[in-house]
Protein chains: 2
Amino acid sequence: MSDLSHDEPYNSDPIAELIENYNELNSSVIEELTEEPSPLEFMRYVAKNTPFVVRRAAKDWKAAKEWNANFLKDFLKDETVNVAVTPHGNADAPTPHPTPESPLVFAQPHEEDQPFPIFINYLTSQSLLDPAKPIGEVRYAQTQNDNLRNEYLSLFSHVPPSIPFARIALDRDPDAINLWIGNQHSTTAMHKDNYENIYVQIRGQKHFILLPPICHPCVNEQPLPSAVYSRPQQPSSQTTTTTKEEEKPDLLRLTVSDKKKVPFPTWDPDRPFENETEYSCLACPVRVTLHQGDMLYLPALWYHKVSQSVDTDGVCVAVNYWYDMDFTGPLYPLSTFVRSVYKRDAQDTGDSFEQDAAEEDHA
Amino acid sequence: MSDLSHDEPYNSDPIAELIENYNELNSSVIEELTEEPSPLEFMRYVAKNTPFVVRRAAKDWKAAKEWNANFLKDFLKDETVNVAVTPHGNADAPTPHPTPESPLVFAQPHEEDQPFPIFINYLTSQSLLDPAKPIGEVRYAQTQNDNLRNEYLSLFSHVPPSIPFARIALDRDPDAINLWIGNQHSTTAMHKDNYENIYVQIRGQKHFILLPPICHPCVNEQPLPSAVYSRPQQPSSQTTTTTKEEEKPDLLRLTVSDKKKVPFPTWDPDRPFENETEYSCLACPVRVTLHQGDMLYLPALWYHKVSQSVDTDGVCVAVNYWYDMDFTGPLYPLSTFVRSVYKRDAQDTGDSFEQDAAEEDHA
Ligand SMILES: O=C(O)CCC(=O)C(=O)O
Ligand SMILES: O=C(O)CCC(=O)C(=O)O
């Protein structure tokens with residue numbers, strides 16, 4: 001009977017109230033732990049769906065001690081790896097490319113297999129050539145398909161097979177363990193995943209911008225036409241890259257698919273006055289930079305944008321562990337609810353460039 | 001990048017979708033554990049805001065072994081205790097009593113101090129006299145103010161000072177430990193508390209009907225005028241009960257306060273076609289009966305209605321531990337959001353008897 005009170009005043013904008021209430025109760029400064037949490041301590045963060053960072057948690061991993069550009073080049077000298085190729089480091093990102101339905105498309109990378117030494121030489125030399133602007137196309141090993149237990153299996157023993165506190169707390173093994181190798185010219189656009197994520201920096205730095213699931217109304221999700229980069233057909237068909245193309249990234253052709261639409265955030269907290277919604281200004285992004293050996297808990301359904309800085313070799317390397325989230329309980333249906341209410345409100349008021357696209361899509 | 005999919009069809013009723021999604025992902029049959037969970041196992045239930053029951057968990061407590069009507073009467077023979085007195089066992093319950101604003105009021109009990117032996121004799125004899133219908137006024141010791149560490153301190157050593165798995169998991173001591181002594185004629189109306197609740201049955205049975213926080217749109221919360229029962233003034237002022245009044249519960253006078261309104265659920269899952277909202281039919285109430293020694297985890301913000309059955313002595317006795325909930329994370333603001341969206345929708349469509357009352361209230 002502790003919940004009795006005068007009836008509170010009628011708030012005409014539940015979405016603004018939601019974001020404000022959340023901001024009042026939660027810090028936008030990430031919690032920093034000095035050592036790994038126990039499984040129980042971790043579960044408390046899972047329960048409140050709140051991120052934390054553990055500085056230097058992975059400093060003693062063989063990966064953190066030994067991996068660098070030369071080590072990797074040597075270790076993987078005979079391997080061929082999948083590489084995402086884009087003109088601007090914009091794999092899986094909203095990209096300006098006007099179509100009848102939308103000024104932006106969801107650009108997927110051209111994927112190709114490359115000998116690992118060629119790939120990493122490309123990264124390091126591009127990185128050092130002009131640190132600020134990519135000369136030539138941008139490459140990123142970012143397959144997110146459990147690649148560390150597949151393509152990169154030979155490196156897997158250099159990291160733990162699971163993160164003990166997460167494995168014990170969540171009572172499951174990781175669904176995927178991913179290796180990320182890129183340079184400063186790649187950025188991962190704001191998105192969310194249905195995973196509890198333990199993200200570990202090995203070389204260089206990653207700069208995360210995080211938004212909680214309740215910030216859906218801030219990120220301006222739009223149904224973007226799906227598009228994919230490809231290399232124009234060569235006279236002699238060959239799978240590896242030619243120098244000519246590397247130097248002219250515009251030769252990557254972007255093909256839009258008419259059928260498939262991908263609902264995707266289009267607001268970027270780094271450009272707050274572009275593609276914003278009326279709620280974007282209420283978002284309090286959590287910003288955290290991971291340095292070598294740092295470990296981030298990125299809770300399920302949190303939006304994250306990730307950019308990178310390279311080490312002295314000119315590469316950025318990270319490993320992450322995805323654990324299936326628990327769909328029971330209220331968080332998942334409530335996150336869908338926020339999305340549905342926002343969408344209904346937007347359609348009622350006829351807001352934004354979603355309108356036509358959404359109608360097309362549902363026809 | 002696991003969350004890419006075609007844009008889903010536009011659902012015009014986010015609230016119905018929320019309740020349906022929740023029902024699809026969560027069982028309405030409570031989980032039964034055979035032994036107490038570890039702190040970590042408990043934290044998993046807290047994380048998913050999901051109840052469970054542990055059968056016979058408290059069977060070895062001194063309270064479970066020794067407390068019965070005679071033991072308590074003897075143990076507390078010199079004590080005076082606070083008793084909630086109502087005509088129909090309706091302490092803190094929506095009660096028909098038409099006012100200009102509302103057909104129901106929120107009826108608070110008449111509270112008075114009674115010698116414990118008189119109180120318990122009253123409970124047992126009333127219980128056995130007519131098991132189905134109360135003869136005379138209904139009494140319930142239900143102060144919910146940490147009474148087991150205050151009024152009933154002498155009994156406190158018969159129960160654990162905290163529930164170890166909850167204390168360790170939540171990293172806090174209980175905010176309140178409450179003793180409940182009544183008979184079958186008292187019912188606690190559907191309501192929610194901002195507490196993680198560990199509820200332990202000592203004698204008799206309690207019958208819980210539970211609804212998750214997302215079911216706010218089902219419970220038809222209304223701003224009810226606050227009212228309180230009192231005994232009409234006696235010529236000779238005396239604090240204990242007279243036989244005459246006991247036999248004529250209608251002599252309890254219900255006084256409505258003009259000023260204070262209490263937002264309170266008015267839908268009762270046991271009478272589903274009275275005071276229902278358009279969403280009540282979507283609710284899947286979780287029903288569980290606690291027997292002697294059973295322990296229930298009732299998660300924060302869950303709606304609960306509680307009725308009782310007596311033991312062979314004619315009493316029902318329980319103890320519960322309230323732990324402050326964690327207001328950080330998304331659950332609390334999202335629960336408020338559901339309430340605000342429901343309220344806005346109801347006001348937009350001009351539904352239900354809230355309308356006038358709400359307007360009065362905010363004038
Ligand atoms: O490291 C990146 O570029 C993106 C990481 C990411 O999106 C993830 O771990 O889910
Ligand atoms: O036992 C009862 O009558 C009600 C219990 C209750 O509402 C609670 O423990 O919060």
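Scoring rules and cut-offs
Residues numbered from 1 in each chain as written. Chains lettered and ligands numbered in written order. Predicted model: local features only at pLDDT ≥ 70, side-chain atom pairs only at ≥ 80, totals over all residues. Heavy atoms only, no water. Near = heavy atom within 4 Å. Polar contact = N/O pair within 3.5 Å; in protein donor to acceptor, adjacent residues only side chain to side chain. Areas by Shrake-Rupley, 256 points an atom, 1.4 Å probe, with all protein chains shown as cover. Helix = DSSP H or I, 4+ residues; strand = E, 2+ residues; numbered from the N terminus. Nonpolar A, V, L, I, M, F, W, Y, C, P; charged D, E, K, R; others polar. pLDDT = per-residue confidence, 0-100. Contact = heavy atoms within 4.5 Å. Least-squares fit on C-alpha atoms with pLDDT ≥ 70 in both. Buried < 20%, exposed > 50% of the residue type's maximum accessible area, 1.4 Å probe, protein only. Phe/Tyr/Trp six-rings, centres within 6.5 Å; stacked < 30°, edge-to-face > 60°. Buried area = accessible area lost by both parts, 1.4 Å probe. Salt bridge = Lys/Arg side-chain N within 4 Å of Asp/Glu carboxyl O. Pairing = 2+ DSSP bridges. Axes fitted to C-alpha atoms, helices over the stretch in contact; angles between N-to-C directions. Parallel < 35°, antiparallel > 145°, perpendicular 65-115°, else oblique. Left-handed = near helix turned anticlockwise from the far one by under 90°.

### Brief notes about the site of ligand 1
Residue and element names in this part refer to chain A.
Stage number 1. In the region of ligand 1, the neighbouring residues are Y140, W180, T188, H191, D193, N197, Y199, K206, H304, V306, N320 and W322.
Stage number 2. At a separation of 2.6 Å, an oxygen atom of ligand 1 approaches a polar side-chain atom of T188.
Stage number 3. Within the side chain of H191, one N or O atom sits 3.3 Å away from an oxygen atom of ligand 1.
Stage number 4. Burial of ligand 1 by the protein chains amounts to 100% of its free accessible area of 300 Å².
Stage number 5. Put simply, the parts of the chain that give the shell around ligand 1 at least two residues each are β9 (187-191), β10 (195-203), β16 (303-309) and β17 (316-324).
Stage number 6. For the shell around ligand 1, the residue count by class is five nonpolar, five polar and two charged.

### Examining the confidence of the model for chain A
All names here are of chain A.
Stage number 1. Per-residue confidence for chain A gives a mean pLDDT of 91; residues scoring 70 or more make up 89%.
Stage number 2. Predicted confidence is poor over residues 354-363, with pLDDT under 50, and the contacts of this stretch with residues over four places away or in other chains come to 19 contacts.
Stage number 3. Here the complex is predicted with pTM 0.92, and the ipTM for its interfaces comes to 0.91.

### With respect to the relation of the copies chain B and chain A
Stage number 1. Between the two copies, chain B and chain A, the superposition gives an RMSD of 0.0 Å; the rotation angle is 180 degrees and the shift along the axis is 0.0 Å. Seen this way, the second copy is the image of the first under a two-fold rotation axis. Among all residues of chain B, the one whose C-alpha sits closest to the rotation axis is A47 of chain B, at a distance of 1.9 Å.

### Details of the environment of I198 of chain B
All names here are of chain B.
Stage number 1. For I198, the location among the structural elements is in strand β10 (residues 195-203).
Stage number 2. With relative accessibility at 1%, the residue I198 sits in the buried group.
Stage number 3. C-alpha separation for the pair I198 and N320, spaced 122 residues apart in sequence, amounts to 5.6 Å.
Stage number 4. Setting aside residues no more than four positions away along its own chain, I198 makes contact with F42, I163, F165, A166, M295, L296, Y297, V319, N320, Y321 and Y323.

### Details of the packing of aromatic side chains
The geometry of an aromatic ring pair comes down to the distance between the two centres and the angle between the two planes.
All names here are of chain A.
Stage number 1. Under the definition given, this model contains 35 aromatic pairs over all chains.
Stage number 2. Ring centres 6.5 Å apart and planes at 45 degrees place the aromatic pair F52 and F165 in the tilted group. Here F52 is found in strand β2 (residues 52-54), whereas its partner F165 is found in helix α6 (residues 164-170), with 113 residues between them in sequence.
Stage number 3. Seen in terms of ring centroids, F52 and Y297 are 5.5 Å apart; in terms of plane orientation they differ by 40 degrees. Their pairing is tilted. Here Y297 lies in strand β15 (residues 295-298) and F52 lies in strand β2, a separation of 245 residues in the sequence.
Stage number 4. Under the relative-accessibility criterion, F52 is labelled buried at 1%.
Stage number 5. What makes Y297 buried here is its relative accessible area of 0%.
Stage number 6. Here a set of aromatic residues connected by ring pairs shows up, and it is made of F42, Y45, F52, F165 and Y297.

### Examining the environment of Y122 of chain B
All names here are of chain B.
Stage number 1. Locating Y122 in the fold gives a position in helix α5 (residues 116-129).
Stage number 2. Taking the relative accessible area as the measure of exposure, Y122 reaches 10% and is therefore buried.
Stage number 3. As for Y122 and P109, which are separated by 13 residues in sequence, their C-alpha atoms are 17 Å apart.

### Observations regarding the interface of chain B and chain A
How big an interface is tends to be stated in terms of accessible area lost as the parts join.
Stage number 1. Each partner contributes to the interface: chain B provides 70 residues, whereas chain A provides 70 residues.
Stage number 2. Carbon and sulfur atoms supply 61% of the area buried between chain B and chain A, which totals about 6200 Å² over both sides.
Stage number 3. For the pair chain B and chain A, the interface holds two salt bridges.
Stage number 4. For R344 of chain A, the salt bridge is made with D345 of chain B, and the minimal N-O distance between the two is 3.1 Å.
Stage number 5. Our count for the chain B to chain A interface comes out at 10 residue pairs in polar contact (both at pLDDT 80 or more).
Stage number 6. Broken down by secondary-structure element, the contributors of at least two residues to the side of chain B that touches chain A are α1 (14-25), α2 (39-47), α6 (164-170), β9 (187-191), β13 (253-265), α8 (331-349) and α9 (354-362) of chain B.
Stage number 7. The element that contributes the greatest number of residues to the side of chain B that touches chain A is α8 of chain B, accounting for 15 residues.
Stage number 8. By residue class, the composition of the side of chain B that touches chain A is 32 nonpolar, 18 polar and 20 charged.

### As for the site of ligand 2
All names here are of chain B.
Stage number 1. In the vicinity of ligand 2, the contacting residues are Y140, W180, T188, H191, D193, N197, Y199, K206, H304, V306, N320 and W322.
Stage number 2. Between ligand 2 and the protein, one listed contact pairs an oxygen atom with a side-chain N or O atom of H191 at 3.3 Å.
Stage number 3. For ligand 2, whose free accessible area comes to 290 Å², the fraction covered by protein is 99%.
Stage number 4. Of all the secondary structure elements, the ones that give two or more residues to the shell around ligand 2 are β9, β10, β16 (303-309) and β17 (316-324).
Stage number 5. Of the residues contributing to the shell around ligand 2, the split by class is five nonpolar, five polar and two charged.

### Quick word on the pattern of salt bridges
Residue and element names in this part refer to chain A.
Stage number 1. All told, the structure shown has 32 salt bridges over all chains when counted by the stated rule.
Stage number 2. A salt bridge links E112 to R231, with the nearest nitrogen and oxygen atoms 2.9 Å apart. You can see E112 sitting in strand β6 (residues 110-115) and its partner R231 sitting in the loop between β12 (221-230) and α7 (243-247), a full 119 residues away along the chain.
Stage number 3. Among the ionic contacts, a cluster of salt bridges with common partners joins E112, E137, R139 and R231.

### Section: the pairing of β16 of chain A
Residues and elements named next belong to chain A.
Stage number 1. Of all seven residues that make up β16, five are buried, and the element is covered over most of its length.
Stage number 2. Inspection of the sheet shows strand β11 (residues 205-211) paired to β16 by seven bridges, in the antiparallel sense. By the bridge assignment for β16, L210 is matched with H304.

### Quick word on the pairing of strand β3 (residues 80-86) of chain B
Residues and elements named next belong to chain B.
Stage number 1. The element β3 is extensively covered by neighbouring structure, given that six of its seven residues are classed as buried.
Stage number 2. Direction of pairing for β3 relative to strand β6 (residues 110-115): antiparallel, over a ladder of six bridges. Note on β6: the bridge partner recorded for V85 is H110.
Stage number 3. Pairing of β3 with strand β7 (residues 138-140), which is carried by three bridges, proceeds in the antiparallel orientation. In the sheet register, V85 faces β7, and the bridge partner there is R139.

### Let's talk about the packing of helix α8 (residues 331-349) of chain A against α8 of chain B
When two helices pack together, their arrangement is given by the angle between their axes and by how far apart the axes lie.
Stage number 1. Two elements in contact, α8 of chain A and α8 of chain B, have axes separated by 11 Å at closest approach and are oriented at 40 degrees. Judged on the interaxial angle alone, α8 of chain B and α8 of chain A are oblique. Crossing of α8 of chain A over α8 of chain B shows left-handed handedness. On α8 of chain B, the residues that touch L331, L334, F337, V338, V341, R344 and D345 of chain A of α8 of chain A are L331, L334, F337, V338, V341, R344 and D345 of chain B.
Stage number 2. Looking at the contact of α8 of chain A with α8 of chain B, its residues break down into 10 nonpolar, no polar and four charged.

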